[in-house]
Amino acid sequence: RLFIPQNINGHQYIGSSKSVDARFLEYFYITSTLKKKNKINSLIYQAVHKYNLSNFGFAILVSLGNSSSTPTLFLKQVEQKYIHLYNPYYNILKYT
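As a starting point, this report considers the structure included with it. (Residues numbered from 1 in each chain as written. Predicted model: local features only at pLDDT ≥ 70, side-chain atom pairs only at ≥ 80, totals over all residues. Heavy atoms only, no water.)

Further remarks concern the side chain of Ser16. By the element assignment, Ser16 lies in strand β2 (residues 15-16). The class of Ser16 is buried, set by a relative accessible area of 4%. A polar atom in the side chain of Ser16 sits 2.6 Å from the side chain of Glu79. (Helix = DSSP H or I, 4+ residues; strand = E, 2+ residues; numbered from the N terminus. Buried < 20%, exposed > 50% of the residue type's maximum accessible area, 1.4 Å probe, protein only. Polar contact = N/O pair within 3.5 Å; in protein donor to acceptor, adjacent residues only side chain to side chain.)

See the structure below:
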């Protein structure tokens, strides 16, 4: 699935995950996994903690059926297409 959270100022983030729920929760809880991945320094993580979850909308842009069987490369290619299309503020890296 490809997802897009957006905050009250219209800034967006494009992300993909085979488990959107787990991925989305990563942004709201500091865990040792996040620290190891250095995600606590990401713009989307900082924005969620600055503006609060209640100030974000969340939408699934694309659902690719049974995500567990979707090839990761294909998921990344679709994500790349939408990053290019939307040019989201919170995506620091413009290439997946």
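There's more to say after this.
The subject of this paragraph is helix α4 (residues 72-86). Given a rise of 1.5 Å per residue, 15 residues ought to cover 21 Å, and the 21 Å separating the end C-alpha atoms of α4 matches this to within 8%. What α4 keeps buried is the set Leu75, Val78, Glu79, Gln80, Tyr82 and Ile83. Two residues or fewer after α4 comes Asn87, characterised by a positive phi angle close to 50°. (Expected span 1.5 Å × (residues − 1).)

Here the focus is unusual backbone geometry. Positive phi, close to 50°, is recorded for Asn87, a residue that is not glycine. On the secondary structure map, Asn87 appears in the segment after α4. You can call Asn87 exposed: its relative accessible area is 53%.

Treat this as a map of the structure, not an account of what it does.
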